[in-house]
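Architecture at a glance
For reference, the chains in residue letters:
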Amino acid sequence: MLRIRRNIQASLGWSYRLLSREQQEVLRSVSLFKGGFFPEAARALVPNSKLRWILSELNERGWLFARPVKGQARLFMRDPPSQEYVLAKLQASPDWKPKQLAHAQYFSGFLEEQGKSIKTNAQVSALKAIGVEEENILAAMQTIIERIDTRSDPRDADLLLPFAIHLAAYADILGRWKDGISWYSQITNAAEKTDSSRLKMYALLELARFIARTGRSEESREKLLELKRMAEADGDRELLANCLNHLGVALHNSARLDDAANAYQESLQIRQEIGDRYGTGMTLSNLGLVRCGQHRYEEGERLYQQSLEIAREIGNQYGMALVLGNMAVLAGQQGREEEVEQLYQESLRASRRIGFEYGMALALNNLGVLSCTQGRYQEAEVLLKESLRTRRRLGGQRAVALCLVNLATLYLRTERLGFAQRHLIEALISAKQMDDPRLVVDLLILSGCLLAGMERYPNAALCLAGSQHHAREIQLTIQPMEQEELEEGIAKVTQALPEAELAELTSRAEEITLHELLDLALQAIRQ
């Protein structure tokens, strides 16, 4: 292997020496790019009027090759050994640090431009552009972080700021929440080594967003409350509005609907005052979701319609996908069944247009639930399994657990208790790691039904009575599919247990906390 490597190095060295000095300089510079480059990006590193001609010559000599990407010729190094060889030449030259900085500056500006476009009718093309350059963007981010780690220059904080502000929307829309946590943990750590309060606040804001996405609502809430105080002291109203919107999400996930509504209303007022149409539309949808949870359906529908109107006006496919899904849920709650599937399909199409995998998984999950309620169990199973596969890949713990709940419901309805048991155990274990009372109520209903099917009636009664009690406590509307399961489970335990024993168990269930009921359900199902 060593001999082969030496032969490759010798061949590359011979070929490299045949190039002119200008060709060598250009080749060294473009070796910095990850995953290829467009000529305009190369110009940021090599301000040479003959650049296109030299790139064409390098292509003819076999050092580069071109491939069409987004309707343009994108250039790539011939192969990894060639790129490693030329990059080593650059790293050994006095140009290494300046070229690295020029690469970072270019992609910091590129991300700022495309990040702003995500909130306009150019959303689809902006997401694709960032996706094509993701490797270069992340390499640029690492360069800036390394500079912050090794030196003190306020300009480096300014270079990192576009990453803190704009990278989150890309990761969130694509459902890359694990990546979001990794990227923003690095940005947050670097920000703490600078004097830029704006960089620190945006890094903390988006880290909290991704923490909430993965089910850690309480941790997210604590960070956002800290950030809210910082934003108020700083006077940054746009940042404060973003913070309040994210805080509303964390509070909603914890079933604190009144507090969530207050946070959303504060956010909405600021976003309307500063003319943030994108943010206004997103917060209207979030507030509508809370109002429907509070049984204020007419107000919820009005808010959804306003959100959808803005999303369509500015071309926000992401916002359309979310609000159409919310509208479908509301239509189902109000018995407008003819609208439900149409709205879910519209949501799915909007998600597919931008590669919004979380939205696709959500629509597939909801279509699966709809098929299940209509007795189309085979179709429902296919849809729910596809949704679960996507959600596992994306890594959203709460989203995975909800899909497991729906599959467990399907298996209960089709009397496949073993499958129901396996999926329910996984969901119960996940729920123990999250702060999500709504999810726990759903799990208790299913646990009670499964335990009734296994003829473990006392534990079934505790789970079912506990789910009803805590649903009332947190003002939770039990969805139609879960309501059917609840009623069927109650009927079974009522028939199986003496009236006095059932009354005693019901009274006892109301004294047990949600987390204690969760442990009880898990232990009983595992036995």
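Just so you know, these numbers come straight off a predicted model, no measurement behind them. (Residues numbered from 1 in each chain as written. Predicted model: local features only at pLDDT ≥ 70, side-chain atom pairs only at ≥ 80, totals over all residues. Heavy atoms only, no water.)

**Topic: the overall build of the protein chain**
Check the secondary structure of the protein chain and you find 27 helices and 2 strands. Based on the C-alpha atoms only, the size of the protein chain along its principal axes is roughly 95 × 55 × 45 Å. By residue count, 57% of the 527 residues in the protein chain fall in the buried class. Across the protein chain, contacts joining residues at least 24 apart in sequence account for 63% of those joining residues at least 6 apart. Surface summary for the protein chain: the accessible area is close to 23,300 Å², and the carbon and sulfur share equals 48%. (Helix = DSSP H or I, 4+ residues; strand = E, 2+ residues; numbered from the N terminus. Buried < 20%, exposed > 50% of the residue type's maximum accessible area, 1.4 Å probe, protein only. Contact = heavy atoms within 4.5 Å. Areas by Shrake-Rupley, 256 points an atom, 1.4 Å probe, with all protein chains shown as cover.)

**Observations concerning the nonpolar core**
Counting 125 residues, the largest nonpolar core has Leu27, Val30, Met141, Leu160, Phe163, Leu167 and Ile187 as the members making the most contacts within it. Per-element accounting of this core gives the leading share, 12 residues, to helix 9 (residues 154–173). Leaving out residues up to four positions away in the same chain, leucine 167 has contacts with Leu111, Ile137, Leu138, Met141, Pro162, Trp183 and Tyr184. Within the second largest apolar cluster, 60 residues are counted, among which are Ala401, Leu451, Ala471 and Leu514. (Core = buried A, V, L, I, M, F, W, Y, C linked by side-chain atoms within 4.5 Å.)

**A word on the pattern of salt bridges**
Inspection of every chain in the model, using the stated rule, returns 37 salt bridges. With a closest N to O distance of 2.6 Å, arginine 221 and glutamate 218 form a salt bridge. With arginine 221 and glutamate 218 both in helix 12 (residues 217–234) and 3 residues apart, the pair spans about one turn of that helix. Note that arginine 393 and glutamate 357 form a salt bridge whose closest N and O atoms lie 2.2 Å from each other. (Salt bridge = Lys/Arg side-chain N within 4 Å of Asp/Glu carboxyl O.)

**Examining helix 19 (residues 357–373)**
With 17 residues, helix 19 should reach 24 Å at 1.5 Å per residue; the first-to-last C-alpha distance of 24 Å fits that figure. Judged by how many residues are buried, helix 19 sits mostly within the fold: 13 of 17 residues are covered. (Expected span 1.5 Å × (residues − 1).)

**Quick word on the environment of leucine 244**
With respect to the secondary-structure elements, leucine 244 resides in helix 13 (residues 237–253). Judged by its relative accessible area of 1%, leucine 244 falls in the buried class. For the pair leucine 244 and glutamate 112, spaced 132 residues apart in the sequence, the C-alpha separation amounts to 23 Å. Residue contacts for leucine 244: discarding those within four places in its chain leaves Lys228, Ala263, Glu266, Ser267 and Ile270.

**What about the packing of helix 14 (residues 257–273) against helix 15 (residues 277–293)?**
Following both chains from N to C, one finds helix 14 and helix 15 inclined at 155°, their axes separated by 9 Å at the closest point. Between helix 14 and helix 15, the crossing angle belongs to the class labelled roughly antiparallel. Helix-helix and strand crossings are classified by hand; for helix 14 and helix 15 the assignment is left-handed. Within the contact between the two elements, helix 14 uses Leu257, Ala260, Ala261, Tyr264, Gln265, Ser267, Leu268, Arg271 and Gln272 and helix 15 uses Gly279, Thr280, Thr283, Leu284, Asn286, Leu287, Val290, Arg291 and Gly293. For the contact of helix 14 with helix 15, a count of residues per class yields 8 nonpolar, 8 polar and 2 charged. (Axes fitted to C-alpha atoms, helices over the stretch in contact; angles between N-to-C directions. Parallel < 35°, antiparallel > 145°, perpendicular 65-115°, else oblique. Left-handed = near helix turned anticlockwise from the far one by under 90°. Nonpolar A, V, L, I, M, F, W, Y, C, P; charged D, E, K, R; others polar.)

**Comments concerning the packing of aromatic side chains**
Applying the stated criterion across every chain yields a total of 13 aromatic pairs. Arranged with centres 5.4 Å apart and planes meeting at 15°, the rings of phenylalanine 65 and phenylalanine 76 form a pair that is stacked. Here phenylalanine 76 lies in strand 2 (residues 72–77) and phenylalanine 65 lies in strand 1 (residues 64–69), a separation of 11 residues in the sequence. The exposure class assigned to phenylalanine 65 is partly exposed, which follows from its relative accessible area of 33%. (Phe/Tyr/Trp six-rings, centres within 6.5 Å; stacked < 30°, edge-to-face > 60°.)

**A few points about helix 9**
Three- or four-residue spacings in an α-helix give side chains the same orientation, since the helix completes a turn every 3.6 residues. Taking 1.5 Å per residue, 20 residues should reach 28 Å; helix 9 reaches 31 Å between its end C-alpha atoms and fits that length. Along its length, helix 9 shows its largest kink, about 35°, at histidine 166. With 16 of 20 residues buried, helix 9 is to be regarded as a mostly interior element. (Bend = angle between axes of the 7 residues up to and from the residue.)

**Quick word on the state of the cysteines**
Summed over the entire model, instances satisfying the criterion amount to 0 disulfides. Summary of cysteine pairing: cysteine 449 is not part of a disulfide, and the nearest cysteine sulfur, belonging to cysteine 463, is at 9.7 Å. Given the relative accessible area of 8%, cysteine 449 is considered buried. (Disulfide = S-S within 2.5 Å.)

**Here's the deal with the side chain of aspartate 156**
Locating aspartate 156 in the fold gives a position in helix 9. Judged by its relative accessible area of 1%, aspartate 156 is buried.

**Considering unusual backbone geometry**
A negative phi angle characterises most non-glycine residues, just as the trans form characterises most peptide bonds. The residue histidine 295 is not glycine, and still its phi comes out positive at about 70°. Examined against the element boundaries, histidine 295 turns out to sit in the loop between helix 15 and helix 16 (297–314). A relative accessible area of 44% means that histidine 295 is categorised as partly exposed. One non-glycine residue, glutamate 415, lies in the positive phi region at around 60°. The residue glutamate 415 is located in the loop between helix 21 (397–413) and helix 22 (417–431) in this model.

**Describing the packing of helix 20 (residues 377–394) against helix 21**
Between helix 20 and helix 21, the least distance of the axes is 9 Å, while the angle of their chain directions is 160°. The orientation of helix 20 relative to helix 21 falls into the category roughly antiparallel. Like other packed secondary-structure pairs, helix 20 and helix 21 cross with a definite hand, here left-handed. The residues of helix 21 that touch helix 20, namely those facing Tyr377, Ala380, Glu381, Leu384, Lys385, Ser387, Leu388, Arg391 and Arg392, are Ala399, Val400, Leu402, Cys403, Leu404, Asn406, Leu407, Leu410, Tyr411 and Arg413. In the contact of helix 20 with helix 21, the residues fall into 12 nonpolar, 2 polar and 5 charged.

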